[in-house]
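# Geometric and topological summary
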Amino acid sequence: MNKEYSWTENETDEIWYHGRFASVEECIKDAISRGKKPGEKIAIGICENYVPQLSAGDLLDLVSEDAYEEVGEVAEGWPEFEVRKGYKDVDKLQEKIDKAFNEWLRETKQVPDFCHILPLAELVTIPKQEGQS
């Protein structure tokens, strides 16, 4: 997957409203189109998509606690838990959860379109455009 970039006026902004771009140069062009002048500085960052995750281990913890609350000691040890390894075959469950959850996100049109932005180390100065003195 190609990197995507975004820009904002202040590197401390929590939300960067200017969209995603394929390059730093496209961010600069967009900033100019929105009135930024040569010599002004903008923050540019790399967009990292948010990937939601459900933990099979956490879900098994919940059902284990619920079973114990409902029926008491008879539920102890269910689901099977191996010392120093965790729940038995939790990786198989995690695979199934990931597949079902992502399918559900797509079907319900809830795939996240937001991202975490990692600002580049330096602010970027809007360059002079050709023909400017």
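Everything discussed here concerns the structure shown above.
Here the structure is a predicted model, which means the values were calculated and not measured. Residue indices follow the written sequence of each chain, beginning from 1 at its first position. Reporting of local features is limited, given that this is a predicted model, to residues whose pLDDT is at least 70; pairs of side-chain atoms are given and counted only at 80 or more, and all residues count toward the totals for whole chains, interfaces and linings. To get the side-chain values, take all heavy atoms of the structure and skip hydrogens and water.

This part takes up the pattern of salt bridges. Within this document, salt bridges are pairs made up of a side-chain nitrogen of Lys or Arg and a carboxyl oxygen of Asp or Glu, the two lying within 4 Å of each other. Tallied over the entire structure, the rule returns three salt bridges. Its salt-bridge partner being Glu-80, residue Lys-88 comes within 3.9 Å of it at the nearest N-O pair. Given a relative accessible area of 44%, Glu-80 falls into the partly exposed group. Each residue is placed in one exposure class: buried if its accessible area under a 1.4 Å probe, protein chains only, is under 20% of its type's maximum, exposed if it is over 50%, and partly exposed if it falls in between.

Using protein atoms alone on a 1 Å grid, points that fit a 1.4 Å probe yet trap it form a cavity, whereas open point sets bounded by protein on both sides within 12 Å along at least five of seven lines form a pocket; residues with an atom within 4 Å of a point count as lining. Grid points are joined across faces, edges and corners, and a volume is the space filled by probe spheres set on the points. If you add up the space inside the largest pocket, you get close to 210 Å³. Taken together, Ser-6, Asp-13, Glu-14, Ile-15, Trp-16, Gly-19, Arg-20, Phe-114, Cys-115, His-116 and Ile-117 make up the full set of residues lining the largest pocket. To qualify as a helix, a DSSP run of H or I must reach at least 4 residues; to qualify as a strand, a run of E must reach at least 2; elements of each kind are numbered from the N terminus. Here the lining of the largest pocket gets three residues from one element, more than from any other, and that element is strand S5 (residues 115–119). Gly falls in the polar group here, along with every residue not listed as nonpolar (Ala, Val, Leu, Ile, Met, Phe, Trp, Tyr, Cys, Pro) or charged (Asp, Glu, Lys, Arg). Here the lining of the largest pocket is built from residues that sort into five nonpolar, three polar and three charged.

What follows is about the pairing of strand S1 (residues 4–8). Among the five residues of S1, four are classified as buried, and the element is accordingly described as predominantly covered. For two strands to count as paired, DSSP must find a minimum of two bridges between them. Inspection of the sheet shows S1 paired to strand S2 (residues 41–49) by five bridges, in the antiparallel sense. Counterpart to Ser-6 in the pairing with S2 is Gly-45.

This part is about the environment of Ser-23. Looking at where Ser-23 falls in the secondary structure, it is placed in the loop between S1 and helix H1 (24–33). Put simply, Ser-23 and Thr-108 are 85 residues apart on the chain and 31 Å apart in space, counted from C-alpha to C-alpha. In terms of polar contacts, Ser-23 uses its side chain to reach the backbone amide nitrogen of Glu-26, at 3.1 Å. For the purposes of these results, a polar contact is taken to be a pair of N or O atoms within 3.5 Å, where, inside protein, one atom must be able to donate a hydrogen and its partner to accept one; residues adjacent in sequence count only when each atom of the pair is a side-chain atom.

Turning to the nonpolar core, a few remarks are in order. Buried Ala, Val, Leu, Ile, Met, Phe, Trp, Tyr and Cys residues that are joined via side-chain atoms within 4.5 Å together make up what is termed a nonpolar core. Counting residues in each nonpolar core, the largest one holds ten residues, listed as Tyr-5, Trp-7, Phe-21, Cys-27, Ile-28, Ala-31, Ile-42, Ile-44, Val-124 and Ile-126. For this core, the secondary-structure elements that each account for two or more residues are S1, H1 and S2. No other element matches H1, which puts three residues into this core. By definition, residues are in contact when any of their heavy atoms lie within 4.5 Å. Filtering out sequence-adjacent residues up to four positions away, Ala-31 remains in contact with Trp-7, Lys-36, Ile-42 and Ile-126.

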